[in-house]
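Each chain, written out:
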Amino acid sequence: MNVQTEITKTTGADYDAVVIGAGFGGLYAVHKLRNEQGMNVQGFDSASDVGGTWWYNRYPGALSDTESYVYRYSFDKELLKRGHWKTRYLTQPEILDYMNEVADHLDLRRSYKFNTKVDGAHYNEETGLWSVVTDSGQTVTAKYLVTGLGLLSATNTPSFKGVDDFKGRILHTGAWPEDVDLSNKRVGIIGTGSTGVQVITATAPVAKHLTVFQRSAQYVVPIGNTPQDEATISEQKANYDQIWDQVKNSAVAFGFEESTIPAETATQEERERVFEAAWQRGGGFYFMFGTFCDIATSQVANDAAADFIKGKIRKIVKDPQIAEKLIPNDLYAKRPLCGNDYFDVYNRDNVTLADVKSDPIAEFTTNGIRLESGEEHELDVVIFATGFDAVDGNYVKMDLRGRGGVTMRDTWKEGPLGYLGMMEVDFPNFFMILGPNGPFTNLPPSIETQVEWISETISTMEESGVKSVEPTVEARDAWVGTCREIADMTLFPKAESWIFGANIPGKKNAVMFYMAGIGNYRTAISAVKDDGYPSLIRD
Ligand code: N01
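Residues numbered from 1 in each chain as written. Predicted model: local features only at pLDDT ≥ 70, side-chain atom pairs only at ≥ 80, totals over all residues. Heavy atoms only, no water.

1. Concerning the sheet that holds strand E16 (residues 368–371)
With antiparallel pairing, the 3 strands of this open sheet are ordered in space as E15-E16-E17. Each edge of the sheet is formed by a strand with only one pairing partner; in this case those strands are strand E15 (361–364) and strand E17 (376–378). For this sheet the average axis-to-axis angle between neighbouring strands, irrespective of direction, equals 20°. In this sheet, E17 lies alongside E16 in antiparallel orientation, the contact comprising 3 bridges. Considered in E17, the bridge of Gly 368 is made with Glu 378. (Pairing = 2+ DSSP bridges. Helix = DSSP H or I, 4+ residues; strand = E, 2+ residues; numbered from the N terminus. Axes fitted to C-alpha atoms, helices over the stretch in contact; angles between N-to-C directions.)

Below, the structure is given as structure tokens:
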């Protein structure tokens, strides 16, 4: 390991590269650029330590819904060998431990300034450098700007009348403080997405009373979080070469083989058998992509999967009126949800379901929440599990200016664009990790894929003396068009969710993902590199 202080090679710059974020993306970028290319890199993160999403989302029940053996980096054999986990899925504290272990192993912390938020970054056409401005009043310059801002990290907190009058505590799952104790409290949770499902199932057994404010009922399947024996873990570790090969050539990168069998042509008995086996196995992505190949593309198949889950809800939830409120009436085409005995929660005496679609939240009162019908729920704590201004949220909040002072806010005013999910027109030497129109997968393998491409692109530039790169308008528009075409082949655009920006009032509906899978994505971005980057303008 190279532990010396690096010297900036870029003439006139403070650093060769600035990396924003100390999550999975930022940490790996610092490793590639500093440890492998010998660049002088400055990292920033608003949190007090590494972890990114997993630093902020400390709410009870926070868990990865990707299995432990593939929710990690693949690039370091030593880290893979050392990997340790007890259950099929990793809890938030375990993921944070893992990220700390990575930071220690690769000596990454010394390149970071923590507790430091980047307020803006401006590209100077004369110097060819980025000026990065932080909330501590510091400005640093660098040739490259790499952003790992997080796909789901700009929190969405809807405004409600009277919030300031509420005497109790208000929390958002995505900015969870350390000092929260929900035991014996009257807790209200707004939101029933992936986060809501996790925090609801974790809170119900400890709260005095839990009221769930549900706007949209959800299709939730079991996660199947079982203990994992040493023999299975050893076998997974012994097979990592094949496992990563499969993951990186798959569609969703969750470690299972996606099904190639259509539900459309399967008999009713066959569908029941396959869905029941998946229900017993657990896993949201498995249920949608491991059972049949057409659930996300065929209405017939989608209805079959949705009907199966609806049947389960009716069987599990004892009160038929509550069961009906929990049954979704839209199609099964959001990011698939899974949870630990989620629907059983509604059989508990200390849990109330408030259907705020039929009876919306009117206002917060001093003691709780009042619905439009006048029904009041007295609460000590209200938890907003209301999600994120996903994908472009952090980019448009920041004062990000490219060539000629053009702002990202303006460039994306009709919705985010982005080339290969990593670059943008008029933003030279600017590389986004998980930017708009990147793959829709288990994220660590996609993050690795992008960071490796970014690092190789930068290395090629340095070797050939190229001062700047940025995509052409034609290449960017063609990529966005491709993403739109692929998305339109699926049912996802027909469901209202954050995937197309539908969760934020006033946000333009836009394509934000490349939905043809990580394997095809890797092929597409490798071709750009192998062909000598014909789609990039070089200076
Ligand atoms: O956010 P969401 P999330 N009044 O937007 C409701 C990842 N993740 O944080 O559906 C009342 O999905 C909203 O209602 P509706 C994962 O990618 C991963 O749960 O808009 N309700 C919905 O129920 C996931 O997809 C893990 O009608 C309001 C909820 O709030 C993504 O994060 C774990 C409202 C928001 O759901 C986002 O999930 C957790 C209002 N005004 C999250 N506004 C893993 O397992 C919003 N809602 C790895």
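2. Overview of the site of the ligand
In the region of the ligand, 25 residues are neighbours, and Thr 192, Thr 195, Ser 216, Arg 335 and Trp 498 sit closest. Between the ligand and Ser 194 there is a distance of 3.0 Å, counted from an oxygen atom to a backbone nitrogen or oxygen. At 2.5 Å from an oxygen atom of the ligand is found a side-chain nitrogen or oxygen belonging to Ser 216. Relative to its unbound accessible surface of 920 Å², the ligand loses 87% to contact with the protein. The set of elements that each furnish at least two residues to the shell around the ligand consists of strand E3 (63–67) and helix H5 (194–203). Taken together, the residues of the shell around the ligand break down into 9 nonpolar, 12 polar and 4 charged. (Near = heavy atom within 4 Å. Polar contact = N/O pair within 3.5 Å; in protein donor to acceptor, adjacent residues only side chain to side chain. Areas by Shrake-Rupley, 256 points an atom, 1.4 Å probe, with all protein chains shown as cover. Nonpolar A, V, L, I, M, F, W, Y, C, P; charged D, E, K, R; others polar.)

3. Concerning the sheet that holds strand E14 (residues 351–355)
For sheets, the rule is that strands pair by backbone hydrogen bonds, running either parallel or antiparallel. Strand order in the open sheet formed by 5 strands is E9-E18-E10-E11-E14, with parallel pairing between adjacent strands. If you trace the sheet from one side to the other, it starts and ends with strand E9 (169–172) and E14, each paired once. Strand-to-strand, the axes of this sheet are offset by a mean angle of 20°, without reference to chain direction. In this sheet, strand E18 (residues 381–384) lies alongside strand E10 (residues 186–190) in parallel orientation, the contact comprising 4 bridges. Note on E18: the bridge partner recorded for Val 187 is Val 381. The sheet strands contacting H5 are E10, strand E11 (209–214) and E18, and the helix crosses E10 at an angle near 165°. (Contact = heavy atoms within 4.5 Å.)

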